[in-house]
Amino acid sequence: MDNNNSGEIVTLSSTDSVESDSTQHQAFTPQTVLRSWDPSCTMQIRMACIEDGLDNIGFRKMAAFVKSIHPETAIAYVPTGNLRSLVRTLTGKGGGDISDKDIRVVAEFLAEGDLVGLSSMTQYTPTVYKIIEEIRTINPRAFIVWGGIHPIIYPEDAIEHADAVCTGEGEFAFESFLGLIKNNQNYCTAPGFWFRTDTGVIKNTNLPLMSKEEMDLLPPLMYQDGELIYHCDKGFTSLHTDDFLEFTGLSYNTVWSIGCPLKCTFCGNSKFIEYDNAYRNLRHSSPRTVIDEIKRAVSKHPHISTVAFHDDSFLALPYEVLQEFCELWKEEVRIPFAVFGVIPNYVRDDKIAVLLDAGLNRVRMGIQSGSQDMLDFYQRPTPLPRIHEATKILNKYHKYMIPPAYDIILENPVETPEDTRATLDLLYEMPRPFTLNIYALRIIPNTQLAKDIEAKGLDVPSIETSYHSAYQPTLGNVLVFVLPVWRMPQRIFRVLRNKVWPTLSEQPHYSLSLAICRTAYLFRRAFDHLRFMDFSVLPGKAGYLLWKIGVLHFWHRFFLKRYRLPKKNLKGETNAASSLAS
Ligand code: B12
Ligand code: SF4
C-alpha cells in the first residue's frame, strides 16, 4: 500500500510483501486512519499494559521511548490482578481477570487515542481481545497496535485482532512507523511490524537487534513519570507510591542484559532465535547506564530494598563486566539485589563471589527436571552433572543468601515413571537449603514445545491456565512440595518414591496432603525471606513500615552475615574465591 502526499491511498504495489490472509475486519481499514488523521493536528497516543502486576519491564522501556519522541502520549497500567498477592498465592488462584464493566472503562480511555498501543503476554490475551473489540465499537477510527511478548511469539494470533503488531524490539521500529505516519508516507512499510489490510497481512522483517551503544542512549524505564493505573471498580488514577508497595513491595524489578544462548523448546527464546540468531548473544547497556536507572528509581522510592534482575542469563555475562557492575553497585547503590534467570552451565564460583561481595542476596536457577531424557526432550543442554555442580557452588555461600530458588517443571505427559522419580531423586540429594519455583507444564502457543506436544497427540493446558492453581494431587507432586522443607529419612523416601507415577497414570489422589504440604512450603519460603528482611515477594505496607522505622537497616547491619571478597580478587584476579569471610 502506498499513499501520496495528499493523504489519498493507492493500492499496494506488487513489491510489497503481502500474504493473503482470510482475516478481515469490518470496522477498520488502515486507509480510514490515514484519511482521518490531519497532520496539522497533534496525534494522541494512548498506551496500556495488560498484565497482572506493575513490573511490565518491556512496556515501561517502550513507553518511556514513545513518550520521548511523542510527548502527547498517555500511559497506563491495567493490572488484571496482583501476581504477588498473598491471598491469591495461598489459594492458588492465578493472575485474575477483569470484569466486562472494567474492560469497557479501559476501552473508553484508550479509544480517545488516535493511535492505541497495547502490550501483553499470552496469558492476558482473552482480556486484550475484549478491550480491542470494545475500542472498535467506541472509536472505529482508532488505530490499534499490539506489542510485547505475545505478538512477538504468536503474531499470527495477535494480528487477527489488532491493526498492527510489533514483532520484535519496539523502540526503533515504532519510531520509524510513527515517522512514516507523520510524513504521510506508507506506514505499512515500517520494519518490525505486521499490518492487517483489506488485501491481506503485510509482514515486514524486524530491524537488526539493538546494539549496546544504542541501548545506552535509550531513556530510562518509565517509573512513576505521570502514568496512570486502573483500579477495578474505581477507574484510572495517577500512579502512586502505594501502588508500587501493593504490587512490588520493597523491590524494583528490571532487566539489564537481553538474550540467551540456549533455546529450550518451552521458552519464548526458541522463537526469538528463530527470527534472529543474534538473539543468542547477550546484549546490555553499560554498567553505568543500569546503575543510573536504579539510582533514579531509588531516588523516587528510597524504600526500595532489593533490586531483582530478571535477565535470562545474567551469569553468562563476562566476569569483567560483572566486576565493573559490582564496583559501581558497592559505591553508589549499596542495597541487596537478586539475580534470576541463572543457567546452571554459567554458575561459576568467582562470579557468585564477586556478586555476593556487592550485595547479591538471592538467585533463581532453572533446573526443570532431574531426568536427562526430559532435559533432552526440552532441548536443554544443561547436563545433570553440571546442575549438581551449580547447586554445590551456590550452596557454598548459603549463609549469605536467601535459599536459592530452582525452577522445576511438573506434569509433563511425556514422562515415564523413572523420569518423574528422577526429579525427586535430584531434589532429595540436592544440597540444602533451597526452595523451588514449581510449575505445572503449560504450553506457550507457537513455541517448539507446542509443536512437539501436538505431534505426539497429547493435550497440555495452555499458558492461560494458571501454573499454580491446578497441580494434580499426585504423590509425586506432594513430595516435590515436601522436599524443600524436609529431607525425610532415606528409607521412607525410597518407599514413597517407588509409589510415584507420572501425572497421566491412574493413581490415588492426595488433595488434602497436597494443600497442607504446599502451605508448609509457602510458609517456609516466607520465613526465609523474613529472616533476611526481604520484602520482594511479600508486598504490602508491612515491609514499608519496618523500613520506615529503621528495622530493615538495623537488621541488615547487625544480623545478616555479609560476604567479603578476599582482597586479591578485588584487584581483578578472576580465580575462584576460596576463602569465605563474614
Ligand atoms: C522479566 C520477565 C518477567 C518478570 C516481569 C514481567 C514483565 N511484565 O515485565 C516477572 C517475573 C514478573 C515475570 C513473570 C511471568 N512471566 Co515472564 N519473563 C520475563 C523475561 C525474562 C524478560 C521480559 C523482558 O523484560 N524482556 C526485555 C524487554 C525489553 O523486552 P520485551 O518485554 O519483549 O519488550 C519489548 C517488545 O516486546 C516491545 N514492546 C513491548 N510492549 C510494547 C507495546 C507496543 C505498543 C509496541 C509497539 C511494542 C512493545 O518493545 C519492548 C522494548 O524493546 C521474559 C523472557 C524474555 N526474554 O523476554 C519472560 C517471559 C515474558 N515471561 C513469561 C511467562 C510465561 C511469565 C509468567 C506467566 C510465568 C513465569 N514463567 O514466570 C509470569 C506472568 C506474570 C505477569 N506479571 O504477567 C514468558 C511469556 C510467554 C508468553 N507468550 O506470554 C516469557 C517470554 C518467558 C518464557 N517462558 O518464554 N516475567
Ligand atoms: S535457558 Fe532459560 S531463557 Fe534460555 S532458552 Fe532456556 S528457558 Fe529460555
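Residues numbered from 1 in each chain as written. Chains lettered and ligands numbered in written order. Predicted model: local features only at pLDDT ≥ 70, side-chain atom pairs only at ≥ 80, totals over all residues.

### Some words on the overall build of the chain
Working step 1: Along its length, the chain carries 24 helices and 20 strands.
Working step 2: Looking at the chain as a whole, 46% of its 582 residues are labelled buried.
Working step 3: The long-range share in the chain, meaning contacts at least 24 apart out of those at least 6 apart in sequence, stands at 78%. (Helix = DSSP H or I, 4+ residues; strand = E, 2+ residues; numbered from the N terminus. Buried ≥ 20, exposed ≤ 12 C-beta atoms within 10 Å, placed from the backbone. Contact = placed C-beta atoms within 7 Å.)

### With respect to helix α8 (residues 171-182)
Working step 1: For α8, built from twelve residues, the straight-helix expectation of 16 Å at 1.5 Å per residue is met to within 8% by its first-to-last C-alpha distance of 16 Å.
Working step 2: For α8, every residue scored as buried is listed here: Glu-171, Ala-173, Phe-174 and Phe-177. The arc that holds the buried residues of α8, viewed along the axis, is 160°, so those residues lie on one side.
Working step 3: Contact partners of the buried residues in α8: α2 (57-69), β8 (164-166) and β9 (193-197).
Working step 4: Within two residues after α8, Asn-184 carries a phi angle of roughly 55°, on the positive side. (Expected span 1.5 Å × (residues − 1). Arc of directions from axis to C-beta.)

### Some thoughts on the site of ligand 2
Working step 1: Around ligand 2 lies a shell formed by Cys-260, Leu-262, Lys-263, Cys-264, Cys-267, Asn-269, Asp-312, Ile-343 and Gly-366.
Working step 2: Its residues assigned to classes, the shell around ligand 2 shows five nonpolar, two polar and two charged. (Near = placed C-beta within 6 Å. Nonpolar A, V, L, I, M, F, W, Y, C, P; charged D, E, K, R; others polar.)

### So, the site of ligand 1
Working step 1: Around ligand 1 sit 39 residues in total, of which Gly-58, Gly-117, Gly-147, Gly-170 and Gly-268 are the nearest.
Working step 2: The set of elements that each furnish at least two residues to the shell around ligand 1 consists of β4 (45-51), α2, β6 (115-119), β7 (143-147), α6 (149-153) and α8.
Working step 3: Examining the composition of the shell around ligand 1, we find that five residues originate from one element, α2, more than from any other.
Working step 4: Within the shell around ligand 1, the residues separate by chemical class into 17 nonpolar, 15 polar and seven charged.
Working step 5: Two domains share the shell around ligand 1, each providing at least three of its residues, namely domain 1 (2-213) and domain 2 (249-468 + 511-558). (Domains from an automatic or database assignment.)

### Some remarks on the environment of Gly-113
Working step 1: Looking at the element boundaries, Gly-113 is found in the loop between α4 (100-110) and β6.
Working step 2: A residue is classified by how many C-beta atoms lie within 10 Å of it, and Gly-113, with 22 of them, is buried.
Working step 3: Residues Gly-113 and Ala-142, spaced 29 residues apart in sequence, show a C-alpha to C-alpha distance of 6.5 Å.
Working step 4: Excluding residues that lie within four positions of it along the chain, Gly-113 makes contacts with Gln-44, Ile-45, Arg-46 and Ala-142.

### Some points on the environment of Arg-334
Working step 1: Residue position: Arg-334 is located in the loop between α13 (319-332) and β17 (337-342).
Working step 2: As for Arg-334 and Ala-358, which are separated by 24 residues in sequence, their C-alpha atoms are 7.4 Å apart.

### Quick notes on the sheet that holds strand β13 (residues 251-254)
Working step 1: Here six strands make up an open sheet; going across it, the order is β13-β16-β17-β18-β19-β20 and the pairing parallel. Of all the strands in the sheet, the pair left with one neighbour each is β13 and β20 (435-440). Direction aside, neighbouring strands of the sheet carry axes that sit 20° apart on average. (Pairing = 2+ DSSP bridges. Axes fitted to C-alpha atoms, helices over the stretch in contact; angles between N-to-C directions.)

### Observations regarding the packing of helix α19 (residues 475-482) against helix α21 (residues 511-531)
Working step 1: Where α19 contacts α21, the axes come no closer than 8 Å and their chain directions differ by 20°. In terms of their interaxial angle, α19 and α21 are classed as roughly parallel. The handedness of the crossing between α19 and α21 comes out as left-handed. Residues Asn-477, Val-478, Phe-481 and Val-482 of α19 lie in contact with α21, whose contacting residues are Ser-513, Leu-514, Cys-517, Arg-518 and Tyr-521.
Working step 2: Among the residues making up the contact of α19 with α21, the classes are represented as six nonpolar, two polar and one charged. (Parallel < 35°, antiparallel > 145°, perpendicular 65-115°, else oblique. Left-handed = near helix turned anticlockwise from the far one by under 90°.)

### Notes on the nonpolar core
Working step 1: The biggest cluster of nonpolar side chains holds 155 residues, and the ones touching the most others in it are Ile-144, Phe-309 and Val-480.
Working step 2: Once residues within four sequence positions are removed from consideration, Ile-144 is found in contact with Val-116, Leu-118, Ile-132, Ile-135, Ala-162 and Asp-163. (Core = buried A, V, L, I, M, F, W, Y, C linked by C-beta atoms within 7 Å.)

### Considering the confidence of the model for the chain
Working step 1: Residues at a pLDDT of 70 or more form 88% of the chain, whose mean pLDDT is 90.
Working step 2: For residues 1-32, every residue scores under 50 in pLDDT, and the model assigns this stretch 57 contacts once sequence neighbours within four places are set aside.
Working step 3: Segment residues 572-582 is flagged for pLDDT under 50; beyond a separation of four residues in sequence, or across chains, it makes 18 contacts in the model. (pLDDT = per-residue confidence, 0-100.)

### Here's the deal with the pairing of β17
Look at any regular strand and the pattern is simple: side chains alternate between the two faces of the sheet.
Working step 1: By the criterion of burial, β17 is predominantly enclosed, with six of the six residues buried.
Working step 2: Pairing analysis gives three bridges linking strand β16 (residues 306-309) to β17, with the strands arranged parallel. Looking across to β17, one finds that Phe-309 is bridged to Val-339.
Working step 3: Read as a crossover between parallel neighbours, the route from β16 over α13 to β17 is right-handed.
Working step 4: Summarising the sheet, β17 and strand β18 (residues 360-368) pair through four bridges and their orientation is parallel. Residue pairing in the sheet places Val-342 in a bridge with Met-365 of β18.
Working step 5: Regarding topology, helix α14 (residues 349-358) serves as the crossover connection from β17 to the parallel β18, and that connection is right-handed. (Right-handed = clockwise from strand over helix to strand, strands pointing away.)

### Observations regarding the packing of helix α17 (residues 417-429) against α19
Working step 1: Two numbers describe how α17 lies on α19: the axes approach to 10 Å, and their chain directions differ by 15°. Comparing the axis directions of α17 and α19 gives the class roughly parallel. The two elements α17 and α19 cross, and the hand of that crossing is left-handed. The residues of α19 that touch α17, namely those facing Thr-420, Leu-424 and Leu-427, are Gly-476, Leu-479 and Val-480.
Working step 2: Taken together, the residues of the contact of α17 with α19 break down into four nonpolar, two polar and no charged.

### Brief notes about the pairing of β18
Working step 1: Buried residues dominate β18, accounting for eight of its nine residues.
Working step 2: As defined by bridge partners, β18 adjoins strand β19 (residues 405-410) across four bridges and the pair is classed as parallel. Bridge pairing in β19 links Gly-366 to Asp-407.

### Describing the environment of Arg-104
Working step 1: Structurally, Arg-104 is set in helix α4.
Working step 2: Judged by local crowding, Arg-104 falls into the partly exposed class, with 14 C-beta atoms found within 10 Å.
Working step 3: The spatial distance from the C-alpha of Arg-104 to the C-alpha of Glu-134 is 6.4 Å, given a sequence separation of 30 residues.

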